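One letter stands for each residue in the lines below.
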Amino acid sequence: MSTKAGYDMWPGPYGNGGSRKSLTASLDQSLKRMKLDYVDVFYSHRYDPETPIEETMQALVDAVRQGKALYVGISKYPADKAAEAYRYLQAHDVHCLLYQGRYNLFDRGPEEQGILGQVRDCGVGFIAFSPLAQGLLTSRYLQGVPEDSRMARGRFLKREALTDDVYAKIKALNAVAADRGQTLAEMSLAWLLKDPLVTSVIIGASSVAQLEDNLKALQKASFSTEELERIDAICRLPNAGL
């Protein structure tokens, strides 16, 4: 069981940010709601430039020492601030267990920003969120936009995201997946899990069928050099929509 604190946790002056007050109140409220004495992992959800990083990290240290969290992690921190966080926690005998970041076939940020190399060097696990690009890397939109889909609802995934270029990439990646005997979702998750630096992925399955499909990714998580080159060539195609 894990919980996060950082931004927009609840209305009011202490419902966001990375202050000691915000993190402590967030954790206490989460424990009360979940009727737990402690969580396995407590994340600082996002770097707060308005709060000294020492204050944020000390709140995580205290959560562990008070027995409210077994481990701590950070999420979406820029690489330079993540390095500061790792150093502070290590100096206070609390190892940062996990870094959580957005990572998928379309979004290579953790590679490009040096996050993956950094977690390797610091002995930190990496958890990928949005591994299916909010559903784009599934078969959901191969035939257009279903009326009951996330894109149709338009809250986080907008219709504008499905440009002609994006659609062409999805179709091409789906063909690679078919050649591998997988669905697009299975291959997209397997592509992440092939990397020993990726500890796990956070999936947002909305049905048992989706969950079962996602779990099948574990059955074939290896790729040939040719397959990886083919995938990378597709993803590098010019695209203003991503």
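A short tour of the structure in this document, coming up. (Residues numbered from 1 in each chain as written. Predicted model: local features only at pLDDT ≥ 70, side-chain atom pairs only at ≥ 80, totals over all residues. Heavy atoms only, no water.)

Glancing now at the pattern of salt bridges. As enumerated under the stated definition, the model contains nine salt bridges in all. Ionic pairing is found between Asp62 and Arg20, a salt bridge with its closest N-O pair at 2.5 Å. In this pair, Asp62 is assigned in helix H2 (residues 53-65) and Arg20 in helix H1 (residues 20-34), connecting sequence segments 42 residues apart. Among the charged side chains, a network of salt bridges with common partners joins Arg108, Glu111 and Asp232. (Salt bridge = Lys/Arg side-chain N within 4 Å of Asp/Glu carboxyl O. Helix = DSSP H or I, 4+ residues; strand = E, 2+ residues; numbered from the N terminus.)

So, about the environment of Ile203. As for its placement among the helices and strands, Ile203 is situated in the loop between strand E6 (198-202) and helix H9 (208-215). Spatially, the C-alpha atoms of Ile203 and Ser130 are 7.0 Å apart, while their sequence positions differ by 73 residues. Residues contacting Ile203, with those up to four places away along its chain left out, are Pro131, Leu189, Leu211 and Asn214. (Contact = heavy atoms within 4.5 Å.)

The next thing to look at is unusual backbone geometry. Residues other than glycine seldom take positive phi values, yet Asp93 does so here, at roughly 60°. As for its placement among the helices and strands, Asp93 is situated in the loop between helix H3 (79-91) and strand E4 (96-102). Its identity is not glycine, yet Ala133 carries a phi of approximately 50°, on the positive side. As for its placement among the helices and strands, Ala133 is situated in the loop between strand E5 (125-129) and helix H6 (150-153).

Contact geometry for H3 and helix H5 (residues 115-122): axes closest at 10 Å, N-to-C directions at 15°. Taken together, the axis directions place H3 and H5 in an arrangement best described as roughly parallel. For the pair H3 and H5, the sense of crossing is right-handed. On H5, the residues that touch Ala79, Ala82, Ala83 and Tyr86 of H3 are Ile115, Gln118, Val119 and Cys122. (Axes fitted to C-alpha atoms, helices over the stretch in contact; angles between N-to-C directions. Parallel < 35°, antiparallel > 145°, perpendicular 65-115°, else oblique. Left-handed = near helix turned anticlockwise from the far one by under 90°.)

If you check H3, its first and last C-alpha atoms are 18 Å apart, about what 13 residues at 1.5 Å a residue would give, namely 18 Å. Along H3, the residues classified as buried are Lys81, Ala82, Ala83, Ala85, Tyr86, Tyr88 and Leu89. Of the surrounding elements, those touching the buried residues of H3 are H2, strand E3 (69-75), E4 and H5. Where H3 ends, the next residue or the one after it, Asp93, has phi of about 60°, a positive value. (Expected span 1.5 Å × (residues − 1). Buried < 20%, exposed > 50% of the residue type's maximum accessible area, 1.4 Å probe, protein only.)

We now examine the packing of aromatic side chains. As enumerated under the stated definition, the model contains four aromatic pairs in all. Ring centres of Tyr99 and Phe126 lie 6.0 Å apart, and the angle between their planes is 15°; this geometry places the pair in the stacked category. Of this pair, Tyr99 sits in strand E4 while Phe126 is found in strand E5, placing the two residues 27 residues apart along the sequence. One exposure class covers both Tyr99 and Phe126, and it is buried. (Phe/Tyr/Trp six-rings, centres within 6.5 Å; stacked < 30°, edge-to-face > 60°.)

Before going further, it helps to spend a moment on the packing of helix H7 (residues 164-180) against helix H10 (residues 225-235). Direction vectors running N to C along H7 and H10 enclose 170°, while the axes themselves pass 9 Å from each other. Comparing their axes, H10 and H7 come out roughly antiparallel. Residue-level inspection shows Lys169, Ala172, Leu173, Ala175, Val176, Asp179 and Arg180 of H7 in contact with H10, the latter providing Glu227, Arg230, Ile231, Ile234 and Cys235. Of the residues belonging to the contact of H7 with H10, the class tally is seven nonpolar, no polar and five charged. (Nonpolar A, V, L, I, M, F, W, Y, C, P; charged D, E, K, R; others polar.)

In terms of burial, E4 is largely enclosed, as five of its seven residues are buried. With four bridges joining them, E3 and E4 adopt parallel strand pairing. Bridge pairing links Gly73 to Leu98 in E4. Traced from E3 through H3 to E4, the parallel crossover comes out right-handed. (Pairing = 2+ DSSP bridges. Right-handed = clockwise from strand over helix to strand, strands pointing away.)

All right, on to the side chain of Ser188 then. Tracing the backbone through its elements, the reader meets Ser188 in helix H8 (residues 184-193). Looking at Ser188, its side chain comes within polar contact range of the main-chain oxygen of Leu184, at 2.8 Å. Filtering out sequence-adjacent residues up to four positions away, Ser188 remains in contact with Leu105, Pro131, Leu132 and Leu137. (Polar contact = N/O pair within 3.5 Å; in protein donor to acceptor, adjacent residues only side chain to side chain.)

Across all of its chains, the model carries zero disulfides by this definition. Of all cysteine sulfurs, the one in Cys122 lies closest to Cys96, which takes part in no disulfide; the gap is 8.9 Å. (Disulfide = S-S within 2.5 Å.)

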